[in-house]
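# Fold and geometry: a report
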Amino acid sequence: MDEPYVEAMMRAALAEAKAAGEAGEYPIGAIVALDGEVISRGRSRQRELRSQLAHAELEALQRGGDPLWERHDDAVLFTTVEPCPLCLGAAVMADVPHIVFAHPDPAVQSAQIVERIPYVAAHIETYRGGVLQDESRALFERYEPRMLDWLDDRVVRHRQPPD
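Numbering of residues begins from 1 in every chain and follows the order in which that chain's sequence is written. Selection of residues for local features in this predicted model requires a pLDDT of at least 70, selection of side-chain atom pairs for listing and counting requires 80 or more, and totals for whole chains, interfaces and linings are taken over all residues. With hydrogens and water excluded, all non-hydrogen atoms of the structure serve as input to the side-chain values.

## Focus on the overall build of the protein
- The way it works is that DSSP assigns letters per residue, a run of H or I at least four long becomes a helix, a run of E at least two long becomes a strand, and they are numbered from the N terminus. When helices and strands are counted, the protein shows nine helices and five strands.
- A radius of gyration in this sense is built from C-alpha atoms; the matching globule rule multiplies 2.2 Å by the number of residues raised to 0.38. Relative to its length of 163 residues, the protein is compact, with a C-alpha radius of gyration of 15 Å against a globular reference of 15 Å.
- Each principal axis of the C-alpha distribution contributes one length, and for the protein these read about 40 × 35 × 30 Å.
- The buried label applies to any residue whose accessible area, calculated with a 1.4 Å probe on protein chains only, is under 20% of its type's maximum; exposed applies above 50%, and partly exposed to all values in between. Expressed as a percentage of the 163 residues in the protein, the buried residues total 48%.
- A contact between two residues is defined here by any heavy atoms of the two lying within 4.5 Å. Across the protein, every contact between residues at least 6 apart in sequence was considered, and the portion connecting residues at least 24 apart equals 62%.
- Accessible area of the protein: about 8600 Å², with a carbon and sulfur share of 50%. In these tables, accessible area is a Shrake-Rupley quantity obtained with a 1.4 Å probe, and a residue counts as shielded only by the protein chains included in the view.

Pasting the structure below:
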């Protein structure tokens, strides 16, 4: 994947994140791409749908339709925040082998899941972060500044043992 393509697709995911933030949601967006074209889009809708499961990546994957069903091996999931284990699992089950994200989320430890769980590692060929990270971070600064401490791993998470 060349840089102009990666950045263009991430900008499409960032547009979804901005729309989510403008709607009062967490500013997280995702797209699924095939052959340089966006085939589906998703954004956080947790507050709208009153569901902790309404993640951007899930929506994008579920909306992939026939193109994703038929050509999943060539698909790339672009997301503005590192996928949580739920969304990583959805990408694995959808057989999407390439994941590119903007802002890392150190608490979810999805990179460790990819590295350490053979079933997941066998499905994921590309797991790349940091693409347009500053742009993703700027959306959190604008729409959900309280989440920056979480993204920077400065908050003890629910049921997370203290250091």
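## Topic: helix α8 (residues 133-143)
- Burial in α8 covers these residues: S136, L139, F140 and Y143. Summarising the axial view, the buried residues of α8 lie within an arc of 100 degrees, below the 170-degree limit, and thus occupy one face. Exposed side chains of α8 directed beyond 90 degrees from the buried face belong to D134 and R142. Throughout, the arc means the angular range of directions from the helix axis out to the C-beta atoms.

## Observations regarding the environment of I99
- Within the element layout of this structure, I99 appears in strand β4 (residues 98-103).
- With a relative accessible area of 0%, I99 lands in the buried category.
- In this structure, I99 is in contact with L77, P83, L88, A91, I124, T126, Y127 and R128, ignoring residues within four places of it in sequence.

## Let's talk about the nonpolar core
- If you look at the biggest cluster of nonpolar residues, it comprises 28 residues, and the most contacted ones within it are V32, L61, L77, I124 and F140.
- Within the residue set of this core, elements represented by two or more residues are β1 (29-34), α3 (56-62), β3 (76-81), α5 (85-93) and α9 (148-151).
- When residues of this core are assigned to their parent elements, the largest contribution, five residues, is made by α5.
- Contacts of V32, omitting those with residues within four sequence positions, involve E37, V38, I39, S40, A60, L61, L68, A75, V76 and L77.
- As used in this record, nonpolar core signifies buried Ala, Val, Leu, Ile, Met, Phe, Trp, Tyr and Cys residues forming a set joined through side-chain atoms within 4.5 Å. With 18 residues, the next largest nonpolar core counts M9, M10, A17 and I31 among its residues.

## Regarding the packing of helix α1 (residues 3-22) against α8
- Angles here are taken between N-to-C directions and fall from 0 to 180 degrees, while the axes themselves are lines fitted to C-alpha atoms, restricted in helices to the stretch in contact. Running from amino to carboxyl end, α1 crosses α8 at an angle of 5 degrees, the nearest separation of the two axes being 10 Å. It follows from the interaxial angle that α1 and α8 lie roughly parallel. Counted together, R11, L14, A17, K18, G21 and E22 of α1 and E135, S136, L139, R142 and Y143 of α8 form the full contact between these two elements. If an angle is under 35 degrees, it is roughly parallel; if it is over 145, roughly antiparallel; if it lies from 65 to 115, roughly perpendicular; otherwise it is oblique.

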